[in-house]
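Observations on the three-dimensional arrangement
Each chain, letter by letter, is given below.
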Amino acid sequence: MISQAVNDRAPVLELDLMPESFFRIEKTKGKARLGRLTTPHGEIETPVFMPVGTLASVKGVPQDTLEELGAQIILGNTYHLYLRPGVETVRKMGGLHRFMSWPRAILTDSGGFQVFSLNELRKVTEDGVTFRSHLDGSSHFFSPESAMEAQIGLGADIIMAFDECTEFPADRERTRASMELTLRWAARSKKHFEEHKNEVPWGGRRTSDLRPQKTAELRSAGLPGEAVPTCSDQTQALFGIVQGGMDRELRRESALRTVEIGFPGHAIGGLSVGEPRELTREIVESTLEHLPVDKPRYLMGVGTPQEIVEYANLGVDMMDCVLPTRAARHGLLFTSEGKVSIKQARFAQDEAPLDPNCGCRVCQRYSRAYLRHLYASNEVLAQVLNTIHNLSFYLDTMRRVRHSISLGEESSSLSGVWSRPKP
Ligand SMILES: [Zn+2]
């Protein structure tokens, strides 16, 4: 149990649904928390950034490189994996971890957000959502129950309740109706999960049983992955999702009622859907006040390097975003000196590393001139190297945030880790 001292406004703690060791807060500084999540596939130090691996692949980056970068947990998208290669295939292959040879933790989303993004191709009823595949136009149906079934079949360590992401802008009546639907779906998700949670494809097997030599070889030394495997008797953790649009009062109600249903962790969903950044921050800050301090808080789909530092300072424990990987494929790189568009002609004969303060294998080996050449020539290697650097930058940023909290440094200095002055 986490002491009440963590936050004076802490709601009354309820009985834990997960083993007490699922989430521990080790230190706090201001609202920022240094914590540890224990999953069936290893421990995760929080605050954590989770690279997005939509189709069981973080585009362009092999799994051993992800390990070397210190990725502790990656994200998979249920909607995409359900369509291709299909849940049944992954389940028969022993689950996502074994299928993609990734011994560390995985989180899958519920598919709700992706289906929401289909716009014209979906129809929402009380039962669930009928949608058309973006691949071939075929018709499919997701419900809280089928989304749980899919996520249990994929076998991620952390899975998400099925929710409706409210569009932006939306009036209050529409936002409330959508929030109520998400609450009903959350209760249905939990019920189905509780009845079927022992059906995970890796149930009862330790990660070390799966090709033991191979995983040991792949794992890099001195990284968090050394903790793998742990707790084989632990099952998946189902998180609830807070909705409520851009309405602070509805967010509060959604948070309280989601907490009441009883989840080992909570996500803040429905943000980064086109609203101004300032509003995102305001909603996150006010929603966090209503979430229990002793459970992990996951902010979905955010953000820039500066934003992930800010949100960690506000008390967010987990974040994911396609930005570092997607931007990398478009030649946009994040560095300690700011954003760099590597396609620019001024780098054509620049012998310096991309980021002189970065220790990643790209910055240690290649020049800006070479990276620019690869990009201009449309070489596949450009996407690979750019993505490795951007991920390294994000993961390093979070590592520095964790280090600052562990030293008890002032919160204000946390945002300074990124905006380092130019030499
Ligand atoms: Zn680098």
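Described below are features of the structure shown in this document. Everything quoted here is computed from the prediction, not taken from an experiment. (Residues numbered from 1 in each chain as written. Predicted model: local features only at pLDDT ≥ 70, side-chain atom pairs only at ≥ 80, totals over all residues. Heavy atoms only, no water.)

**Concerning the coordination of the zinc ion**
Around a metal, the idealised angle for a tetrahedral arrangement of four donor atoms is 109.5 degrees; for an octahedral arrangement of six donor atoms it is 90 or 180 degrees. Those donors, C358 (SG), C360 (SG), C363 (SG) and H389 (ND1), are the protein atoms that reach the zinc ion, and they lie 2.1 to 2.3 Å from it. Classification of the site at the zinc ion as tetrahedral follows from its four donor atoms and the range of 99 to 117° in their angles at the metal. Read in sequence order, the donor residues for the zinc ion give the motif C-x1-C-x2-C-x25-H. For the pair shown, C358 and C360 are each scored as buried. (Donors = N, O, S within 2.8 Å, 3.2 Å for Na, K, Ca; no water. Tetrahedral: all angles 85-135°; square planar, octahedral: opposite > 155°, others 65-115°. Buried < 20%, exposed > 50% of the residue type's maximum accessible area, 1.4 Å probe, protein only.)

**Things to note about the side chain of Q151**
Turning to its location among the elements, Q151 is positioned in helix α6 (residues 144–154). Residue classification places Q151 among the buried residues on the basis of a relative accessible area of 0%. Those residues within four positions of Q151 in sequence are excluded, and the remaining contacts are T78, T108, D109, S110, A156, I159, M160 and Q236. (Helix = DSSP H or I, 4+ residues; strand = E, 2+ residues; numbered from the N terminus. Contact = heavy atoms within 4.5 Å.)

**Structural notes on the packing of helix α11 (residues 305–314) against helix α15 (residues 380–407)**
Axis separation between α11 and α15 bottoms out at 10 Å; the angle between their running directions is 25°. Judged on the interaxial angle alone, α15 and α11 are roughly parallel. For α11 against α15, the interelement crossing comes out right-handed. Contacts between α11 and α15 involve P305, I308, V309 and A312 from the former and F393, Y394, T397, M398 and V401 from the latter. (Axes fitted to C-alpha atoms, helices over the stretch in contact; angles between N-to-C directions. Parallel < 35°, antiparallel > 145°, perpendicular 65-115°, else oblique. Left-handed = near helix turned anticlockwise from the far one by under 90°.)

**Structural notes on the pattern of salt bridges**
Applying the stated criterion to the full structure yields 25 salt bridges. Linking R36 and E43 is a salt bridge whose minimum nitrogen-to-oxygen distance equals 2.9 Å. Residue R257 is joined to E253 by a salt bridge in which the shortest nitrogen-to-oxygen separation is 2.7 Å. With a gap of four residues between them, R257 and E253 both fall in helix α9 (residues 248–261), about one helical turn apart. With relative accessibility at 30%, the residue R257 sits in the partly exposed group. (Salt bridge = Lys/Arg side-chain N within 4 Å of Asp/Glu carboxyl O.)

**A few points about the packing of aromatic side chains**
Using the criterion set out here, one finds eleven aromatic pairs in the structure. On the numbers, 6.2 Å between centres and 85° between planes, the contact of F142 with F162 is edge-to-face. In this pair, F142 sits in strand β9 (residues 139–142) while F162 sits in the loop between β10 (158–160) and α7 (172–196), placing the two residues 20 residues apart along the sequence. F142 gets classed as buried once you look at its relative accessible area, which sits at 1%. An aromatic cluster of three or more residues is present, and its members are Y79, Y82, F131, F142, F162 and W185. (Phe/Tyr/Trp six-rings, centres within 6.5 Å; stacked < 30°, edge-to-face > 60°.)

**Notes on the sheet that holds β9**
The strand order across the open sheet formed by three strands is β7-β8-β9, and the pairing between neighbours is antiparallel. Looking at which strands have only one partner, the edges of the open sheet turn out to be β7 (122–124) and β9. Neighbour-to-neighbour, the strand axes of this sheet turn through a mean angle of 15°, independent of strand direction. The pairing of β7 with strand β8 (residues 129–132) spans three bridges and is antiparallel. From the neighbouring strand, R122 faces β8, where its bridge partner is F131. (Pairing = 2+ DSSP bridges.)

**Concerning the sheet that holds β10**
A sheet is described by the order of its strands in space; here eight strands give the open sequence β4-β14-β13-β12-β11-β10-β6-β5, paired in parallel fashion. A strand with exactly one partner marks an edge of an open sheet, and here the two such strands are β4 (48–50) and β5 (73–76). On average, adjacent strands in this sheet sit at an angle of 25° to one another, irrespective of strand direction. Here three bridges tie β10 to strand β11 (residues 237–242), and the two strands are oriented parallel to one another. Opposite M160, over in β11, you have F239 as the bridge partner. Strands β4 and β14 (318–320) of the sheet are contacted by α15, whose axis makes an angle of about 160° with β4.

**Thoughts on the packing of helix α14 (residues 368–376) against α15**
The interhelical angle for the contact between α14 and α15, taken along N-to-C directions, is 130°, at an axis separation of 7 Å. Of the possible angle classes, the one that applies to α14 and α15 is oblique. For the pair α14 and α15, the crossing hand works out as left-handed. Here Y370, L371, L374 and Y375 of α14 come into contact with α15, specifically with L381, A382, L385 and N386. Tallied by class, residues from the contact of α14 with α15 come to seven nonpolar, one polar and no charged. (Nonpolar A, V, L, I, M, F, W, Y, C, P; charged D, E, K, R; others polar.)

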